[in-house]
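Examination of the molecular architecture
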Amino acid sequence: MIGAGPGGLAAAFKLSEEQKVLVIEKNLWGGTCPNYGCDPKKLLYGVIESKRQAALFTRDGVNGDLNIDWKALMAFKKSYTDSIPEGTEQGLEQAQIAHVHGAANFIDSHTIQVGAVNYRAENIIIATGASPAYPDIPGKKYLQNSNDFLAMENLPPEIAFIGSGYVSIELANIAAQAGAKVHIIQHNKRILRSFPEEYAKKIVSAFASENVTFHWDSTVTKIVKKEQQLEVKINDKEKLTVQKLFTAMGRPAAIEKLALEKAGIHNSKSGIEVDDHLRTAAANIYAVGDVVDKKVPKLTPVAGFEGAYVADTILGSTAPISYPMIPHTVFAGPELSQVGVSLRWAKAHPDDYKINEQDVGSWYTYLRIRDTNARVTTIIDKRSQLLAGAVVYATAAEELINYLSAVITEKLPAAELSQRIPVYPSVASDLKYFF
Ligand SMILES: Cc1cc2nc3c(=O)[nH]c(=O)nc-3n(C[C@H](O)[C@H](O)[C@H](O)COP(=O)(O)OP(=O)(O)OC[C@H]3O[C@@H](n4cnc5c(N)ncnc54)[C@H](O)[C@@H]3O)c2cc1C
Ligand SMILES: NC(=O)c1ccc[n+]([C@@H]2O[C@H](COP(=O)([O-])OP(=O)(O)OC[C@H]3O[C@@H](n4cnc5c(N)ncnc54)[C@H](O)[C@@H]3O)[C@@H](O)[C@H]2O)c1
């Protein structure tokens with residue numbers, strides 16, 4: 001196993017019940033998600049969201065200044081992340097999984113080199129994840145990435161991000177709510193490509209009143225350091241001065257130092273090419289997680305699902321991979337979530353789908369928390385009358401989308417939902433009204 005993130009570890013633990021396993025990790029045990037991805041991000045987000053939500057109630061009983069103490073926030077984050085690598089390594093030891101710290105590369109399809117040592121294996125799983133893309137421009141050495149953001153000891157007064165995908169939007173929200181002036185430099189006019197444009201625009205509007213400036217059709221062409229400031233040249237014309245500039249323009253697969261060609265493994269620009277069993281061009285080598293060239297989203301639960309699937313395959317299962325519903329969420333204060341058939345597809349196929357767009361800000365669930373802009377779209381398959389997809393922009397959207405995802409998976413008809421008794425008032429008690 002090369003890589004000890006969610007993908008590699010899921011495979012390692014499952015395989016170790018029946019086979020001898022070696023896990024190789026060049027950086028922190030646990031990989032991106034718990035060390036410098038989902039978990040520390042959502043930990044910061046939780047505090048930031050508490051502040052944002054409390055500020056909505058200043059006319060309703062919340063008193064006093066609501067400020068974020070960045071140092072205390074970071075100490076809170078570290079109280080979780082500091083123990084992750086050691087805890088993960090202990091987990092490997094307890095499961096008696098052999099593990100080596102170092103960067104791996106292929107010698108041939110059965111041999112991996114780590115430093116001066118070669119390891120031979122019957123099967124190999126590549127789970128090396130992805131790492132941030134950098135633009136090739138003068139001054140690129142002054143750029144930082146999401147790992148640096150999540151380890152930042154002080155929050156500077158003014159920062160900027162290149163790109164407006166998941167990473168940029170989530171981290172910009174944290175920084176802006178914590179008091180920084182934030183710039184988002186985007187080479188076109190579209191944020192969050194994997195979400196419907198009409199919903200992404202709601203985030204643009206919400207950010208505009210939160211100290212965030214979008215620079216559309218803008219490309220960073222040069223970065224110059226002047227004492228503690230960075231002068232950022234945009235489109236070779238405009239100049240922006242910030243204290244930190246973060247690249248957030250996608251995460252290419254981490255394959256460059258693996259020497260894949262020595263094992264006969266093929267890759268594209270999007271990652272390692274695999275078949276429907278996640279097998280690479282070399283029959284005994286598999287790839288899972290963010291490193292794979294695939295159509296499904298590159299997310300932690302997907303990496304874990306694939307890791308467990310490949311373990312089963314190595315242990316004898318022959319079924320091709322079949323993905324369940326994959327809901328996804330951007331944590332942007334509030335959250336934007338989506339699952340199933342996309343709104344774009346549904347709009348392009350009006351004979352097949354009924355679209356139910358509802359502003360739910362006046363519903364009791366959202367009214368009581370002053371989430372006046374909350375909106376839910378459900379997409380109903382006209383033939384079966386079953387839920388096929390949904391988009392939610394609301395506080396706790398990630399919870400509602402999980403319920404809606406289960407409704408799709410279990411093919412629950414509206415009548416069946418009326419036969420269940422949820423806690424009231426709760427997000428689940430609204431479910432039957434979305435049909
Ligand atoms: C800021 C941020 C926030 C995110 N938030 C979310 C979220 O909220 N929800 C969500 O589902 N996903 C989120 N993600 C994505 C999620 O972190 C990834 O999808 C997930 O970590 C992928 O798991 P993986 O095992 O494929 O790769 P990784 O977790 O990246 O693990 C790969 C491991 O391989 C190691 N490695 C690489 N090359 C070698 C080598 N040659 N030799 C040995 N080891 C090597 C790396 O050091 C790394 O530890 C976020 C990502 C980022 C960056
Ligand atoms: N909440 C979550 O689930 C979550 C959070 C963070 C990251 N992630 C995962 O990490 C991945 C990477 O996130 P990301 O935000 O880095 O990537 P992304 O693909 O979401 O967004 C990349 C952004 O960079 C822009 N861009 C692309 N090429 C560019 C160029 N040459 N110059 C300038 N801008 C350019 C794109 O237009 C886009 O706005 C996500 O796709 C997702 O799989 C998930």
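Residues numbered from 1 in each chain as written. Chains lettered and ligands numbered in written order. Predicted model: local features only at pLDDT ≥ 70, side-chain atom pairs only at ≥ 80, totals over all residues.

Things to note about the overall build of the chain
The condition that has to hold: Numbered from the N terminus, helices here are DSSP runs of H or I no shorter than four residues, and strands are runs of E no shorter than two. Contact criterion: two residues are in contact if their C-beta atoms, reconstructed from the backbone, are within 7 Å.
Check the secondary structure of the chain and you find 13 helices and 21 strands. Taken along its principal axes, the extent of the C-alpha atoms in the chain is 65 × 65 × 40 Å. Of all intrachain contacts in the chain linking residues separated by at least 6 positions in sequence, the fraction that spans at least 24 positions is 65%.

Focus: helix 3 (residues 38–55)
Going by this rule: Expected span of a helix: the number of residues minus one, times 1.5 Å. Buried, partly exposed and exposed are defined by the number of other C-beta atoms within 10 Å of a residue's own C-beta, namely 20 or more, between the two limits, and 12 or fewer respectively, with C-beta atoms placed from the backbone.
Helix length check: helix 3, at 18 residues, gives a terminal C-alpha distance of 25 Å against a target of 26 Å (1.5 Å per residue), a fit within 8%. For helix 3, every residue scored as buried is listed here: Pro40, Lys41, Leu44, Tyr45, Ile48 and Glu49. Lining the buried residues of helix 3 we find helix 2 (32–36), helix 4 (70–81), helix 7 (166–177) and strand 17 (328–331).

Structural notes on the site of ligand 2
For clarity, the cut-off: Nearness rests on one distance test: the residue's C-beta atom, set from the backbone, must lie within 6 Å of the molecule or strand. All amino acids are sorted into three groups, where Ala, Val, Leu, Ile, Met, Phe, Trp, Tyr, Cys and Pro are nonpolar, Asp, Glu, Lys and Arg are charged, and the leftover types, Gly among them, are polar. Just so you know, the domain bounds were taken from an automatic or database domain assignment.
Close to ligand 2 lie 22 residues, the nearest being Gly163, Gly165, Tyr166, Val167 and Met249. Those elements giving two or more residues to the shell around ligand 2 turn out to be helix 7 and strand 17. Its residues placed into classes, the shell around ligand 2 shows 10 nonpolar, 9 polar and 3 charged. Shared between two domains, the shell around ligand 2 takes at least three residues from each, and those domains are domain 1 (6–131 + 252–314) and domain 2 (140–247).

Some points on the nonpolar core
To be explicit about the condition: Under the definition applied here, buried Ala, Val, Leu, Ile, Met, Phe, Trp, Tyr and Cys residues are grouped into a nonpolar core through C-beta atoms within 7 Å.
Counting residues in each nonpolar core, the largest one holds 70 residues, and the members touching the most others are Phe161, Ala172, Ala175, Ala390, Val392 and Ala394. Among the elements that take part in this core, helix 7 stands out by supplying 8 residues, more than any other. Residues contacting Ala175, with those up to four places away along its chain left out, are Leu155, Ile159, Ala180 and Val182. Ranked by size, the runner-up nonpolar core spans 45 residues in total, among them Leu28, Ala130, Ala253 and Ala311.

Side note on the sheet that holds strand 4 (residues 111–114)
Rules: Paired strands are those between which DSSP finds at least two bridges. Only the stretch in contact is used when fitting a helix axis, every axis being a line fitted to C-alpha atoms; angles between N-to-C directions are given from 0 to 180 degrees.
Pairing is antiparallel in the open sheet, where 3 strands are placed in the order 3-4-5. Because the sheet does not close on itself, it has two edges, and the strands there are strand 3 (104–108) and strand 5 (117–120). Looking at each pair of strands side by side, their axes are set apart by 35 degrees on average, direction ignored. Pairing between strand 3 and strand 4: 4 bridges, direction antiparallel. Its bridge partner lying in strand 4, Ala104 is registered against Val114.

A word on the sheet that holds strand 21 (residues 387–394)
Pairing is antiparallel across the open sheet formed by 5 strands, whose spatial order is 17-18-21-20-19. Of all the strands in the sheet, the pair left with one neighbour each is strand 17 and strand 19 (353–359). Strand-to-strand, the axes of this sheet are offset by a mean angle of 10 degrees, without reference to chain direction. As defined by bridge partners, strand 18 (residues 335–340) adjoins strand 21 across 6 bridges and the pair is classed as antiparallel. Within strand 21, the residue paired with Leu336 across the bridge is Tyr393.

Digging into the site of ligand 1
In the vicinity of ligand 1 there are 35 residues, among which Gly3, Gly5, Gly31, Gly129 and Gly289 approach most closely. At the level of elements, helix 1 (6–16), strand 1 (22–25), helix 2, helix 3 and helix 9 (300–314) are the ones that each hand at least two residues to the shell around ligand 1. Here the shell around ligand 1 is composed, by residue class, of 16 nonpolar, 13 polar and 6 charged.

Topic: the UniProt feature "domain: Pyridine nucleotide-disulphide oxidoreductase dimerisation" (unreviewed entry) in the chain
The condition that has to hold: UniProt positions are given in the numbering used here, feature names are shortened, and annotations may be inferred rather than shown by experiment.
Per the UniProt record, "domain: Pyridine nucleotide-disulphide oxidoreductase dimerisation" (unreviewed entry) is annotated on residues 326–430. As annotated, residues 326–430 has a helix share of 26% and a strand share of 30%, and its two end C-alpha atoms lie 22 Å apart.

Description of the domain arrangement of the chain
Entries for the chain in the domain assignment read domain 1 (6–131 + 252–314), domain 2 (140–247) and domain 3 (334–433). For domain 2 and domain 3, the distance between their C-alpha centroids amounts to 31 Å. Grouping the constituent residues of the side of domain 2 that touches domain 3 by class yields 4 nonpolar, no polar and 1 charged.

Considering the packing of helix 3 against helix 7
What counts is decided by this rule: Here is the rule for angles: anything less than 35 degrees is roughly parallel, anything more than 145 is roughly antiparallel, 65 through 115 is roughly perpendicular, and the remaining ranges are oblique. By the definition used in this description, the sense in which the near helix is turned from the far one sets the handedness, with an anticlockwise turn below a right angle giving left-handed and a clockwise turn giving right-handed.
Helix 7 packs onto helix 3 with a crossing angle of 45 degrees between their chain directions and a minimal axis gap of 10 Å. By the angle between their axes, helix 3 is oblique relative to helix 7. With respect to the hand of their crossing, helix 3 and helix 7 are arranged in left-handed fashion. Mapping the contact onto sequence places Lys41, Leu44, Tyr45, Ile48, Lys51 and Arg52 in helix 3 and Glu170, Ile174 and Gln177 in helix 7. When its residues are assigned to classes, the contact of helix 3 with helix 7 shows 4 nonpolar, 1 polar and 4 charged.

Some words on the UniProt feature "binding site: FAD" (unreviewed entry) in the chain
Under the present numbering, the feature "binding site: FAD" (unreviewed entry) in UniProt falls on Lys42 and Asp290. Mapped onto the secondary structure, Lys42 falls in helix 3. Following the sequence through the fold, Asp290 ends up in the loop between strand 16 (285–287) and helix 9. Taking the C-beta count within 10 Å as the criterion, Asp290 has 31 such neighbours and is therefore assigned buried. With residues up to four places along the chain from it excluded, the contact list for Asp290 reads Gly129, Ala130, Arg251, Ala253, Lys298 and Ala303.

Some remarks on unusual backbone geometry
Of all residues except glycine, most have a negative phi; of all peptide bonds, most are trans. Along the chain, Gly333 connects to Pro334 via a cis peptide bond; the corresponding omega equals 0 degrees. For Pro334, the position within the fold is in the loop between strand 17 and strand 18. Cis peptide bonds are those with omega within 30 degrees of zero, and the linkage from Tyr424 to Pro425 qualifies with -10 degrees. Its location among the elements puts Pro425 in the segment after helix 13 (414–417). Positive phi, normally seen in glycine, also occurs at Leu278, with a value near 60 degrees. The residue Leu278 is located in the loop between strand 15 (271–272) and strand 16 in this model.

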